[in-house]
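Below are the chains, spelled out letter by letter.
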Amino acid sequence: MAEQKFDLVVIGSGPAGEAAAMSAAKKGLRAAVIEKRQVVGGNCTHKGTIPSKALRHSVKQLMRYNTQSVFRALGEPRRLTFPQVMQTVNKVISYQVEMHTACYARNRVELIVGEARFRDTNSVEVLLPDGATEIISSEKFIIATGSRPYRPADVDFGHARVYDSDTILDMQHTPHSIMIYGAGVIGCEYASIFAGLGVKVDLINTRGSLLEFLDDEISDALSYHLRDMGVTVRHREEYAKVVPTDSGVIMEMQSGKRIHADALLWCNGRTGNTSGLGLDSIGLEANHRGQLSVDEHYCTEVDNVYAVGDVIGWPSLASASYDQGRAVAAAIVGRGHRIIEDAPTGIYTLPEISSVGKTESELTAAKVPYEVGRALFKHTARAQISGERVGMLKILFHIETGEILGIHCFGAEAAEIVHIGQAIMKQPAPNNSIDYFVNTTFNYPTMAEAYRSAALDGLNRVARL
Ligand SMILES: Cc1cc2nc3c(=O)[nH]c(=O)nc-3n(C[C@H](O)[C@H](O)[C@H](O)COP(=O)(O)OP(=O)(O)OC[C@H]3O[C@@H](n4cnc5c(N)ncnc54)[C@H](O)[C@@H]3O)c2cc1C
Ligand SMILES: NC(=O)c1ccc[n+]([C@@H]2O[C@H](COP(=O)([O-])OP(=O)(O)OC[C@H]3O[C@@H](n4cnc5c(N)ncnc54)[C@H](O)[C@@H]3O)[C@@H](O)[C@H]2O)c1
């Protein structure tokens, strides 16, 4: 058995692991990443963020072609199959893998392909693809093993018509109908994708409204637009039994309903990837969702073992995982770091949704005197030109100080547009002010115009008080 020794070993090459390793190497540590998949990028690149966003982009292009009259000169509305759309997705994944792989060589981070399992607090055993094992020793470890879809034991995921967000990417046909169980972010995004492909979608929500953490108005808008696309949204439903058959899947609900579709996409919850890590060898224990707890330095209860990314739970975003990776490297070398707790929300449904800061409900509960300014995208020149007229920007600001407290947006490019407001919100007082949007000249026609309109709308309300 060969043995190698490093200053830092990172387990997992997703956004959290990659950022941690690259950042540590730049800070002078001899770093290695162990990845059990043959290629780098993590579930983010291969199963989660990248494939779902690339899929959604292609579907959005198709919808534009099919719905905008200007394209009728080129031809009649067309359909694409799921496997056809997946071809473009696979190209994006290849570009991503190429780019991420180059980072390892450039930053002299050793990449070891194999599955890591702790032997003790200073070494792991790596099961290599050829079945051999290797011992890797290190001063410090970072667990960045990510997460996978949660699979309840009473649902047969081995059946050809039952999918989760990993296996859906391998679907070789386009079903006529699909039921999506779990209306969280993943469920809502896939509901948009399948509805955009012309598939009949049943979106089954275990809660009372869609994405309850969103501002109510935005959550309502999402429900409206999903229904407008033909999605049947069912709230407060729990499954009793899933019965897959040769011709489809029947879901018997606790409410007594029986819902039938050609396929089931299960999107209810995720589990941290900790079960194969040999955590008991180092005295660590994951919670019932497979997640690890960390302190303000992203350190676990074992003082040379750290954890970042989905494996530590909330917010379970690629965006936050990258930043947590950089933060843990800074914490390890003692150069100051920030705790990542202010990630914006970017949800790639159709329409897209994005927000940062407080919601109206939160501000009302906290008795903060705020006012709201709104701008509808359909009133901006840019949206009229692009033909993407659905959407709204909403700014919540303090009545007395003008401080921006929350930005909530839905519509085309919402996830980009929110960053304009986020940049101002991050300024220290008195620069975080709604006045910025009325005292600054923006390019025209751009969606930034929506900020000016929303700010004027809000300030006019205050003036009328
Ligand atoms: C469908 C979907 C869509 C998403 N969309 C978005 C989005 O739009 N925006 C966003 O910010 N986030 C999104 N996310 C969340 C995002 O993908 C995750 O937050 C992110 O991937 C977490 O990164 P990570 O580095 O923690 O782990 P992962 O990306 O999960 O990578 C972990 C890696 O560790 C490896 N590994 C596990 N165990 C071992 C072991 N024992 N030895 C060696 N290697 C191991 C795995 O093979 C994997 O490659 C989405 C997730 C899903 C599922
Ligand atoms: N665009 C994005 O940022 C994006 C896209 C997809 C996924 N993600 C991330 O991936 C993670 C997983 O997404 P998701 O949609 O699976 O999760 P989620 O947390 O949004 O929930 C999925 C569904 O599971 C249900 N659920 C969760 N916990 C439950 C419980 N204890 N009991 C009953 N029902 C429960 C929710 O009600 C929801 O219907 C999220 O944390 C999300 O941030 C982000």
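Cut-offs used in this document
- Residues numbered from 1 in each chain as written.
- Chains lettered and ligands numbered in written order.
- Predicted model: local features only at pLDDT ≥ 70, side-chain atom pairs only at ≥ 80, totals over all residues.
- UniProt positions renumbered as here; feature names shortened; annotations may be inferred.
- Helix = DSSP H or I, 4+ residues; strand = E, 2+ residues; numbered from the N terminus.
- Rg over C-alpha atoms; globule rule 2.2 N^0.38 Å.
- Buried ≥ 20, exposed ≤ 12 C-beta atoms within 10 Å, placed from the backbone.
- Contact = placed C-beta atoms within 7 Å.
- Near = placed C-beta within 6 Å.
- Pairing = 2+ DSSP bridges.
- Axes fitted to C-alpha atoms, helices over the stretch in contact; angles between N-to-C directions.
- Nonpolar A, V, L, I, M, F, W, Y, C, P; charged D, E, K, R; others polar.
- Domains from an automatic or database assignment.
- Left-handed = near helix turned anticlockwise from the far one by under 90°.
- Expected span 1.5 Å × (residues − 1).

An unreviewed UniProt entry lists the chain under the name Soluble pyridine nucleotide transhydrogenase, from Microbulbifer donghaiensis. According to the UniProt record, the Subcellular location (unreviewed entry) comment for the chain reads "Cytoplasm".

On to the overall build of the chain. On a plain count of helices and strands, the chain comes out with 11 helices and 22 strands. The C-alpha atoms of the chain give 24 Å as radius of gyration, which agrees with the globular expectation for 465 residues (23 Å, within 12%). Each of the three principal axes of the chain carries a C-alpha extent, and together these read 75 × 60 × 45 Å. Relative to its full complement of 465 residues, the chain shows a buried share of 47%.

Within the fold, Ala-116 resides in strand β4 (residues 115-120). You can call Ala-116 buried: it has 26 C-beta atoms within 10 Å. With 117 residues separating them in the primary sequence, Ala-116 and Val-233 have C-alpha atoms 42 Å apart. Beyond its immediate sequence surroundings of up to four residues, Ala-116 is in contact with Ile-11, Ile-34, Val-124 and Val-126.

Once that is clear, we can look at the site of ligand 1. In the vicinity of ligand 1, 38 residues are found, and the nearest of them are Gly-12, Gly-14, Gly-42, Gly-146 and Gly-309. At the level of elements, α1 (15-26), β2 (31-35), α2 (42-46), α3 (49-67), β4 and α7 (318-332) are the ones that each hand at least two residues to the shell around ligand 1.

A few words now on the sheet that holds strand β11 (residues 232-234). The strand order across the open sheet formed by five strands is β8-β15-β9-β10-β11, and the pairing between neighbours is parallel. Each of the sheet's edge strands pairs with one partner strand only, and the pair in question is β8 (162-164) and β11. The average angle at which neighbouring strand axes cross in this sheet is 20 degrees, direction not considered. With four bridges joining them, strand β9 (residues 177-181) and strand β15 (residues 263-266) adopt parallel strand pairing. Each residue of the ladder has a partner; that of Met-179, found in β15, is Leu-264. In the packing of helix α5 (residues 185-196) onto the sheet, the strands contacted are β9, β10 (200-204) and β15, and the crossing angle to β10 comes to about 170 degrees.

Let us look at the UniProt feature "binding site: NAD(+)" (unreviewed entry) in the chain. In this numbering, the UniProt entry assigns the feature "binding site: NAD(+)" (unreviewed entry) to Gly-182, Ala-183, Gly-184, Val-185, Ile-186, Gly-187, Cys-188, Glu-189 and Gly-269. For this annotated set, covering 88 residues, all C-alpha atoms fall within 14.3 Å of each other, a compact arrangement in space. Within the secondary structure, Ala-183 is located in the loop between β9 and α5. On the basis of neighbour counts, which here come to 28 C-beta atoms within 10 Å, the residue Ala-183 falls in the buried class. Residue contacts for Ala-183: discarding those within four places in its chain leaves Cys-188, Leu-203, Ile-204, Asn-205 and Leu-210. Within the secondary structure, Ile-186 sits in helix α5. Of the residues examined, Ile-186 has 23 C-beta atoms within 10 Å and is grouped as buried. Setting aside residues up to four positions removed in sequence, Ile-186 forms contacts with Ser-165 and Cys-267.

Moving on: the site of ligand 2. In the region of ligand 2, 20 residues are neighbours, and Gly-182, Gly-184, Val-185, Ile-186 and Ser-316 sit closest. Only α5 and β18 (345-347) provide two or more residues apiece to the shell around ligand 2. Here the shell around ligand 2 gets four residues from one element, more than from any other, and that element is α5. Of the residues belonging to the shell around ligand 2, the class tally is eight nonpolar, nine polar and three charged. Lining the shell around ligand 2 are residues from two domains, each supplying at least three of them: domain 1 (2-147 + 271-332) and domain 2 (162-268).

The UniProt feature table records "binding site: FAD" (unreviewed entry) at Lys-53, Thr-145, Gly-146, Ser-147 and Asp-310. Among the secondary structure elements, Ser-147 is positioned in strand β7 (residues 147-149). When the 23 C-beta atoms within 10 Å are taken as the criterion, Ser-147 is described as buried. Once you skip the residues sitting within four places of it in the chain, Ser-147 turns out to touch Arg-270, Thr-271, Gly-272, Asn-273, Asp-310, Val-311 and Ser-316. Note that Asp-310 resides in the loop between β17 (305-307) and α7.

At their nearest, the axes of α1 and α7 sit 7 Å apart, and the two run at 35 degrees to each other. Considering only the axes of α1 and α7, their crossing is right-handed. The residues of α7 that touch α1, namely those facing Pro-15, Ala-16, Gly-17, Glu-18, Ala-19, Ala-20, Ser-23 and Ala-24, are Ala-318, Ser-321, Tyr-322, Gln-324, Gly-325, Arg-326, Val-328, Ala-329 and Ile-332. Here the residues of the contact of α1 with α7 sort into 10 nonpolar, five polar and two charged.

A few words now on the environment of Asp-130. Its location among the elements puts Asp-130 in the loop between β5 (123-127) and β6 (133-143). Looking at Asp-130, the number of C-beta atoms within 10 Å reads 6, which means it is exposed. Taking the C-alpha atoms as reference, Asp-130 lies 9.2 Å from Gly-114; in sequence the two are 16 residues apart.

Two residues of an α-helix separated by three or four positions point the same way, owing to the 3.6 residues in each turn. Helix length check: helix α4 (residues 82-106), at 25 residues, gives a terminal C-alpha distance of 36 Å against a target of 36 Å (1.5 Å per residue), a fit within 8%. All of the buried residues in α4 are Phe-82, Val-85, Met-86, Ile-93, Gln-96, His-100 and Tyr-104. Against α1, α2, α3 and β3 (110-113) lie the buried residues of α4. Of the residues one or two after α4, Arg-108 is the one with positive phi, at around 55 degrees.

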